[in-house]
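Fold and geometry: a report
Read off the chains here:
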Amino acid sequence: MKNNLTALSIFCLALSIVIGSWLISNRINVNQQSPSQSILLTQSELASYLGLSIEEVTKLGPTKEEDGSYTSVLPYLKIGNKVYFSKSAVDKWLTNNEGYGIK
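This write-up is about the structure you can find in this document. Note that the structure is a prediction, hence the values are computed from the model and not measured. (Residues numbered from 1 in each chain as written. Predicted model: local features only at pLDDT ≥ 70, side-chain atom pairs only at ≥ 80, totals over all residues. Heavy atoms only, no water.)

This part takes up the packing of helix α2 (residues 43-50) against helix α4 (residues 87-96). Put simply, α2 and α4 touch, their axes get as near as 12 Å, and they point 45 degrees apart. Judged on the interaxial angle alone, α4 and α2 are oblique. Seen along the crossing, α2 lies across α4 with a hand that is right-handed. On α4, the residues touching Leu 46, Tyr 49 and Leu 50 of α2 are Lys 87, Val 90, Asp 91 and Leu 94. Class assignment for the residues of the contact of α2 with α4 results in five nonpolar, no polar and two charged. (Axes fitted to C-alpha atoms, helices over the stretch in contact; angles between N-to-C directions. Helix = DSSP H or I, 4+ residues; strand = E, 2+ residues; numbered from the N terminus. Parallel < 35°, antiparallel > 145°, perpendicular 65-115°, else oblique. Left-handed = near helix turned anticlockwise from the far one by under 90°. Contact = heavy atoms within 4.5 Å. Nonpolar A, V, L, I, M, F, W, Y, C, P; charged D, E, K, R; others polar.)

A separate point is the sheet that holds strand β5 (residues 82-86). Within the open sheet, the three strands sit side by side as β1-β5-β4. Their pairing is antiparallel. Since the sheet does not close on itself, it has two edges, and those belong to β1 (40-41) and β4 (77-79), each with one partner. Relative to β5, β4 runs antiparallel, the two being bridged by three bridges. Looking at the pairing, Ile 79 lines up with Lys 82 of β5. (Pairing = 2+ DSSP bridges.)

Its location among the elements puts Leu 52 in the loop between α2 and α3 (54-60). Taking relative accessible area as the criterion, Leu 52 reaches 31% and is therefore assigned partly exposed. Non-local contacts of Leu 52, meaning those with residues more than four positions away in its chain, are made with Ala 47, Val 57 and Leu 60. (Buried < 20%, exposed > 50% of the residue type's maximum accessible area, 1.4 Å probe, protein only.)

This is the structure we're talking about:
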């Protein structure tokens, strides 16, 4: 009886170690894929990243001119009808444009 109890204890310990390792590895993978690590940001993600409202980001983002062209204060990428902002390009723009004012 004592041998069976020892074997059961060892099995439970091994199972706990395997499950714990699996949970930790999944948590590490989830952290590496967080939205803050994204290369391209949507307007709402950019607003959150910069601490601005979506309306303020809309003012900075691309606007359509009368001649059909687009102008933007921030660097952007347009794919189809969707607008994306490169996180590294926005960071570089922020560094180069400290003290820049928007009406």
